[in-house]
Amino acid sequence: MNGGRKEDRRRNARYPLLVQATYLIRRTLTRSACQVVDMSSSGLLVVSPGNRPPLGCYMDLALEWPAPLDGVVPLQFLARARVVRHTGTGFRSEEHTSE
């Protein structure tokens, strides 16, 4: 027994992150601003102030990376992902490819 807390059975460690991002739903070409609040090797947890994208849809995510190259050049992390779960304020995506 673990004192009434749910056991964390995730396969991949999650890392807290708070960065601005945008997503583009590939089927409808709908674009929206969002924030990424955590990242793992398999996906992202995204907070979206507007409508959540439909479950199962494929999207391109562009994250404004917090550390510029050589302290000067802004970087973006690009990911192709699929929405696998809705949360109260956003969604969890499963990453397919990233750059």
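Predicted model only: the values in this text are computed from it and were never measured. (Residues numbered from 1 in each chain as written. Predicted model: local features only at pLDDT ≥ 70, side-chain atom pairs only at ≥ 80, totals over all residues. Heavy atoms only, no water.)

Novice: Please provide a residue-by-residue account of the nonpolar core, values included.
Specialist: Core analysis: the biggest nonpolar cluster contains 19 residues, and Y23, V36, L44, V46, M59, L61 and L63 have the highest contact counts within it. Broken down by secondary-structure element, the contributors of at least two residues to this core are β1 (15-25), β2 (30-39), β3 (43-47), β4 (58-64) and β5 (76-86). The residues contacting M59, other than those within four sequence positions of it, are Y23, L24, I25, R26, P53, A79, R80, A81, V83 and F91. (Core = buried A, V, L, I, M, F, W, Y, C linked by side-chain atoms within 4.5 Å. Buried < 20%, exposed > 50% of the residue type's maximum accessible area, 1.4 Å probe, protein only. Helix = DSSP H or I, 4+ residues; strand = E, 2+ residues; numbered from the N terminus. Contact = heavy atoms within 4.5 Å.)

Novice: Tell me about the pairing of strand β6 (residues 90-98), and name the residues and values.
Specialist: Within a regular strand, side chains alternate between the sheet's two faces. Strand direction decides the pairing type here: β3 and β6, joined by five bridges, are antiparallel. Along β6, the bridge assignment pairs V47 with G90. Where β5 hands over to β6, the hairpin turn is made up of three residues, counted between the paired strands. (Pairing = 2+ DSSP bridges.)

Novice: I'd like a description of the pairing of β3, backed by residues and values.
Specialist: Of all five residues in β3, four are buried; the element is thus mostly enclosed. Note that β2 and β3 share four bridges and pair antiparallel. Pairing of Q35 across the sheet is with V47, part of β3. Connecting the antiparallel pair β2 and β3 is a turn made up of three residues.

In short, the description is geometric, and any link to function would need to be established separately.
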